[in-house]
Amino acid sequence: MSNIKNLTRFDMAEQLRTDEDSAAYLSMVLEEGDYNELIHALGYIAKARGMTQIAKDTGLGRESLYKALRVGSRPQFDTVMKVLKSLNFELKVVEHK
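A few points on the structure. (Residues numbered from 1 in each chain as written. Predicted model: local features only at pLDDT ≥ 70, side-chain atom pairs only at ≥ 80, totals over all residues. Heavy atoms only, no water.)

Looking now at the nonpolar core. Note on soluble globular proteins: their nonpolar side chains tend to be buried together. Leu26, Leu42, Ile45, Leu65, Leu69, Val83 and Leu87 are the most contacted members of the largest nonpolar core, which has 20 residues in total. Of all the secondary-structure elements, those providing two or more residues to this core are helix H2 (19-32), helix H3 (35-49), helix H4 (51-58) and helix H6 (77-86). If one sorts the elements of this core by residue count, H3 sits on top with 6 residues. Ignoring any residue separated from it by four or fewer positions in sequence, one finds Leu87 in contact with Leu42, Ile45, Ala46, Arg49 and Ile54. (Core = buried A, V, L, I, M, F, W, Y, C linked by side-chain atoms within 4.5 Å. Buried < 20%, exposed > 50% of the residue type's maximum accessible area, 1.4 Å probe, protein only. Helix = DSSP H or I, 4+ residues; strand = E, 2+ residues; numbered from the N terminus. Contact = heavy atoms within 4.5 Å.)

Okay, structure coming up:
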């Protein structure tokens, strides 16, 4: 019988190896429409890309960025947009048909 302590902890950030992986993941989360999951996804992507560099690019402190992207946080829209820009992503509005 295996022990749960021997299981490897899953880290989504480790699965996001390419920009395409990150874009597909973020698109999937956006389709679901859950704001909390969107912030969580941005946190995983920022971690995968390097939180220190994202903090530098956004002008936010590294600790502030971690706090803004943790589960349950409610960052300002401006912060979300800065993170998206630093990840080379943009939000676009398209007509739903």
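Read on, since the account is not over.
Take H3 next. Every α-helix carries 3.6 residues per turn, so stepping three or four residues along brings you back to the same face. The first and last C-alpha atoms of H3 sit 21 Å apart over 15 residues, in line with the 21 Å expected at 1.5 Å per residue. Among the residues of H3, those classed as buried are Leu38, Ile39, Ala41, Leu42, Gly43, Ile45 and Ala46. Against H2, H4, helix H5 (62-68) and H6 lie the buried residues of H3. The backbone nitrogen of Asn36 has a side-chain oxygen 2.9 Å away, supplied by the residue at the start of H3, namely Asp34. (Expected span 1.5 Å × (residues − 1). Polar contact = N/O pair within 3.5 Å; in protein donor to acceptor, adjacent residues only side chain to side chain.)

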